[in-house]
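# Topology and contacts: notes
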Number of protein chains: 2
Amino acid sequence: MSNKQIPYKIYIEESEMPKAWYNLRADMINKPAPLLDPQTHKPMSAADLSGVFCDELIQQELDETKAYYEIPEEIRSFYKMYRPSPLVRAYCLEEKLGTPAKIYYKFEGNNTSGSHKLNSAIAQAYYAKKQGLVGVTTETGAGQWGTALSMACSYFGLDCKVYMVKCSYEQKPHRREVMRTYGASVTPSPSMETAVGRKILAEHPDTVGSLGCAISEAVEKATSMEGYRYVLGSVLNQVMLHQSVIGLETKIALDKYGITPDVIIGCAGGGSNLGGLIAPFMGEKIRGERDYRIIAVEPESCPSFTRGNYAYDYCDTGMVCPLAKMYTLGSSFMPAATHAGGLRYHGMNSTLSQLYADGLMEATTVKQTEVFAAAEEFARIEGILPAPESSHAIKVALDIAKECCKTGEEKTIVFGLTGTGYFDMMSYEKFHNGVMKDYRPEDAEIEKALSKLPKI
Amino acid sequence: MSNKQIPYKIYIEESEMPKAWYNLRADMINKPAPLLDPQTHKPMSAADLSGVFCDELIQQELDETKAYYEIPEEIRSFYKMYRPSPLVRAYCLEEKLGTPAKIYYKFEGNNTSGSHKLNSAIAQAYYAKKQGLVGVTTETGAGQWGTALSMACSYFGLDCKVYMVKCSYEQKPHRREVMRTYGASVTPSPSMETAVGRKILAEHPDTVGSLGCAISEAVEKATSMEGYRYVLGSVLNQVMLHQSVIGLETKIALDKYGITPDVIIGCAGGGSNLGGLIAPFMGEKIRGERDYRIIAVEPESCPSFTRGNYAYDYCDTGMVCPLAKMYTLGSSFMPAATHAGGLRYHGMNSTLSQLYADGLMEATTVKQTEVFAAAEEFARIEGILPAPESSHAIKVALDIAKECCKTGEEKTIVFGLTGTGYFDMMSYEKFHNGVMKDYRPEDAEIEKALSKLPKI
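The following paragraphs examine the structure supplied in this document. (Residues numbered from 1 in each chain as written. Chains lettered and ligands numbered in written order. Predicted model: local features only at pLDDT ≥ 70, side-chain atom pairs only at ≥ 80, totals over all residues. Heavy atoms only, no water.)

### A look at helix 15 (residues 368-382) of chain A
- The first and last C-alpha atoms of helix 15 of chain A sit 21 Å apart over 15 residues, in line with the 21 Å expected at 1.5 Å per residue.
- Immediately beyond the C-terminal end of helix 15 of chain A, within one or two residues, lies Gly383(A), with a positive phi of roughly 90 degrees. (Helix = DSSP H or I, 4+ residues; strand = E, 2+ residues; numbered from the N terminus. Expected span 1.5 Å × (residues − 1).)

### Some remarks on the sheet that holds strand 1 (residues 9-10) of chain A
Residue and element names in this part refer to chain A.
- In space, the seven strands of this open sheet follow the order 1-4-5-15-10-11-14, with mixed pairing throughout. Of all strands in the sheet, those with a lone pairing partner are strand 1 and strand 14 (362-366), marking the two edges.
- Bridge count between strand 11 (residues 293-299) and strand 14: five bridges; the pairing is parallel. Directly across from glutamate 298, in strand 14, lies its bridge partner threonine 365. (Pairing = 2+ DSSP bridges.)

### Details of the interface of chain B and chain A
- Counting residues at the interface gives 44 residues for chain B, matched by 44 residues for chain A.
- For the pairing of chain B and chain A, the buried interface totals around 4200 Å² over both sides, and the portion due to carbon and sulfur atoms is 53%.
- On the surface where chain B and chain A come into contact, there are two salt bridges.
- Among the salt bridges present, the one from Arg176(B) reaches Glu429(A), with a minimum N-O distance of 3.0 Å.
- Here chain B and chain A share 35 residue pairs in polar contact (both at pLDDT 80 or more) between them.
- Only helix 3 (73-82), helix 4 (91-97), helix 6 (144-156), helix 8 (173-181), helix 15 (368-382) and helix 17 (425-432) of chain B provide two or more residues apiece to the side of chain B that touches chain A.
- For the side of chain B that touches chain A, the leading source of residues is helix 8 of chain B, giving six residues.
- Split into classes, the residues belonging to the side of chain B that touches chain A amount to 20 nonpolar, 11 polar and 13 charged. (Contact = heavy atoms within 4.5 Å. Buried area = accessible area lost by both parts, 1.4 Å probe. Salt bridge = Lys/Arg side-chain N within 4 Å of Asp/Glu carboxyl O. Polar contact = N/O pair within 3.5 Å; in protein donor to acceptor, adjacent residues only side chain to side chain. Nonpolar A, V, L, I, M, F, W, Y, C, P; charged D, E, K, R; others polar.)

### Regarding the pattern of salt bridges
All names here are of chain A.
- Throughout the structure, instances matching the rule amount to 54 salt bridges over all chains.
- Of the charged contacts in the structure, one is a salt bridge between glutamate 177 and arginine 180, with a shortest N-O distance of 3.0 Å. Taken as a pair, glutamate 177 and arginine 180 lie in helix 8 (residues 173-181) at a separation of three residues, close to a single helical turn.
- A relative accessible area of 28% places arginine 180 in the partly exposed class. (Buried < 20%, exposed > 50% of the residue type's maximum accessible area, 1.4 Å probe, protein only.)

### Some words on the packing of helix 5 (residues 118-130) of chain B against helix 6 of chain B
Residues and elements named next belong to chain B.
- Direction vectors running N to C along helix 5 and helix 6 enclose 40 degrees, while the axes themselves pass 8 Å from each other. Here helix 5 lies oblique to helix 6, going by the angle between them. As for the relative orientation of helix 5 and helix 6, their crossing is right-handed in sense. Residues Leu118, Ser120, Ala121, Ile122, Gln124, Ala125, Tyr126 and Lys129 of helix 5 pack against Trp145, Ala148, Leu149, Met151, Ala152, Cys153, Tyr155 and Phe156 of helix 6.
- Of the residues contributing to the contact of helix 5 with helix 6, the split by class is 13 nonpolar, two polar and one charged. (Axes fitted to C-alpha atoms, helices over the stretch in contact; angles between N-to-C directions. Parallel < 35°, antiparallel > 145°, perpendicular 65-115°, else oblique. Left-handed = near helix turned anticlockwise from the far one by under 90°.)

Laid out in structure tokens, this is it:
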């Protein structure tokens with residue numbers, strides 16, 4: 001097919017939008033390890049989890065066999081307000097780079113939450129409402145998830161309490177106001193509102209917070225209030241299930257034009273966007289139908305895949321959540337204060353961890369300043385100002401496209417552009433002013449955190 | 001056609017995108033009055049304007065006869081990176097309001113500049129580059145235009161100097177960083193960099209600035225530097241020409257589904273988005289082919305249509321620009337410091353002014369706090385967090401839709417949702433905290449500014 005017959009932005013029709021989410025675990029040969037009770041170390045049952053999570057979400061969390069989950073009509077209606085998201089052919093970028101590579105990105109930033117997070121937020125709010133709950137609690141790092149959940153809760157008339165990692169809360173006061181616009185309450189974490197927050201503050205009064213800590217606070221709050229449950233924006237398999245809508249739409253769009261990617265790239269924090277993007281492609285790879293090179297990109301300052309252990313660990317700093325087997329830096333690991341934006345979680349989704357352990361995907365790390373340089377390069381050519389998180393994927397996509405200039409290979413690259421950076425301008429300012437720092441944790445720092453892994 | 005056969009978002013195909021801009025003046029019976037030289041009060045020729053503006057843009061500015069201008073291929077390529085913009089059917093809003101009205105909005109916020117401004121910015125940068133210029137200067141109020149121009153200049157490798165109204169500069173430091181990301185320099189206005197800025201500061205040391213003042217500075221800078229010209233994001237007819245892409249796409253999308261609007265609503269500051277949105281519809285109305293109710297919505301605090309004079313006035317505070325015949329509050333009028341966001345220009349595009357004088361469109365004002373209430377209501381239902389400017393149109397659209405609940409009329413409403421409010425969270429915060437003020441200028445205040453109109 002000649003180049004320009006493929007539009008700049010491939011939008012699938014509403015009628016072509018996925019009607020079911022895809023549960024990759026159903027096709028995996030080696031299933032991800034089960035969640036364990038943090039006290040007894042026995043596999044968690046649905047009943048064990050029901051005080052914390054919504055019932056239908058627990059079922060989705062535990063199910064390793066059902067390949068497709070029908071997307072409820074109410075969620076599909078909401079999706080139609082901001083989806084399908086465009087699969088963009090980066091013609092301008094290709095031209096400026098002079099690369100023979102063909103670059104596509106799935107852009108999830110065209111909604112007010114500014115990222116893909118809304119895909120799971122609306123699903124989780126829906127199931128909470130369906131269960132007759134009053135509200136939900138959650139944590140947020142960069143603020144994208146909290147915004148997404150606020151929007152979703154506002155749509156279904158649910159109360160929404162957000163614990164926001166303190167450094168983000170302070171760096172991003174505007175994020176708080178967006179959440180308030182949607183009616184949510186926002187508390188910087190660690191806070192004095194919860195026992196676990198008070199304990200962490202007593203031990204580390206100057207902490208800038210972490211996702212693991214905010215999770216502990218949100219879980220404590222949810223379990224101590226009638227009619228509330230806890231919801232999480234990444235890491236869990238239910239979230240990856242909902243995010244499969246990204247990959248499914250991408251695949252439908254590519255198939256329409258007979259395009260087969262060689263490389264698929266996503267940034268990896270807790271893993272949900274990456275897991276969602278790659279799900280249908282990985283399914284084909286596992287089933288032996290097609291092969292793809294799949295790359296997870298993580299920050300040098302929080303390298304769970306590349307420098308963590310594959311082991312059971314606590315999902316939260318307060319050690320109240322179930323244990324998950326995952327690539328982890330240890331639940332006490334805190335990324336350096338110089339680290340900007342998200343991708344600061346100590347562990348990785350258990351499904352992706354198993355896939356990585358099985359050699360079905362690669363992982364790589366990138367330096368923060370290189371990420372912002374790639375972000376700026378991309379913005380100036382393709383127009384979109386990317387989130388720092390998304391820019392990890394951009395960095396690696398640019399590297400591969402530039403490599404193709406040398407080798408002459410016409411690789412087809414697909415990467416996930418998960419969101420926009422409008423609320424990250426303080427980090428961009430540091431980059432512009434030349435005061436942004438890179439940070440590579442010392443081996444001893446990681447070893448210390450890993451030494452506290454539970455013995456299982 | 002049954003309700004749901006119309007998708008939530010009507011995207012026209014790339015192949016259906018407009019290939020030419022529409023120059024509404026060609027179809028007008030009473031043409032807008034010509035620009036006059038601020039010294040001699042004689043009509044400006046292309047030669048008179050060539051020191052300030054780019055040559056091809058001058059031609060577009062002065063041309064009242066040619067109905068269609070082909071959009072150059074380079075601009076169409078850029079458009080394809082973020083256009084077509086969606087025409088959204090607000091099903092969720094209709095349902096929550098319980099209105100029989102059918103509500104559509106053309107959403108121009110899905111690009112990094114966050115608004116429709118990019119449509120003209122890329123055109124103006126293109127013609128500047130084609131003319132072999134080094135760079136351009138401009139002013140920006142809310143920051144949307146400055147961002148758009150920065151993006152466009154970065155794309156074509158032009159230098160970009162932005163004078164930003166001081167109160168916006170201070171309220172929106174993040175806007176500055178977005179512009180810097182695209183390589184622009186940003187100066188708060190009034191500044192000490194220009195003679196006019198120094199004069200204004202000497203007279204009003206505490207001024208929060210105004211668009212008129214920033215324009216004067218940008219013009220002075222452009223005319224004092226080799227290889228630079230001045231570009232403007234609104235008010236001018238060339239801008240309205242480029243913005244006709246909004247209305248043309250809207251019309252193509254509506255026609256695809258056989259939809260005829262009853263009411264078309266846009267917010268009005270300098271008039272470019274409104275003029276662009278209504279252009280093809282107004283053309284039909286003038287030619288007697290169809291009738292539409294067309295409503296301009298302006299802020300109570302800056303009511304040029306509804307409380308201004310239709311007279312020749314200076315386009316800028318420094319009185320260095322050509323005179324335009326327009327609805328104006330007087331070039332010395334400054335909106336109150338409590339006024340949030342854009343729509344703070346003292347005058348109105350001369351084409352729209354003539355249409356309004358001829359009774360072809362209506363105008364109305366809305367209170368600031370009501371605008372933010374409408375913005376929040378809209379955000380919670382339709383997801384999108386709107387810019388304060390756009391929310392003026394939302395307010396009136398909601399009012400009409402709610403009125404339809406009482407009358408049972410199935411009106412088809414189309415409004416322009418010009419942009420997103422991500423950089424306006426400080427204003428939202430004031431609204432949330434109940435400290436936002438409304439402001440209606442006293443008659444005496446407007447009379448004082450009008451008393452300084454040039455005698456022509």
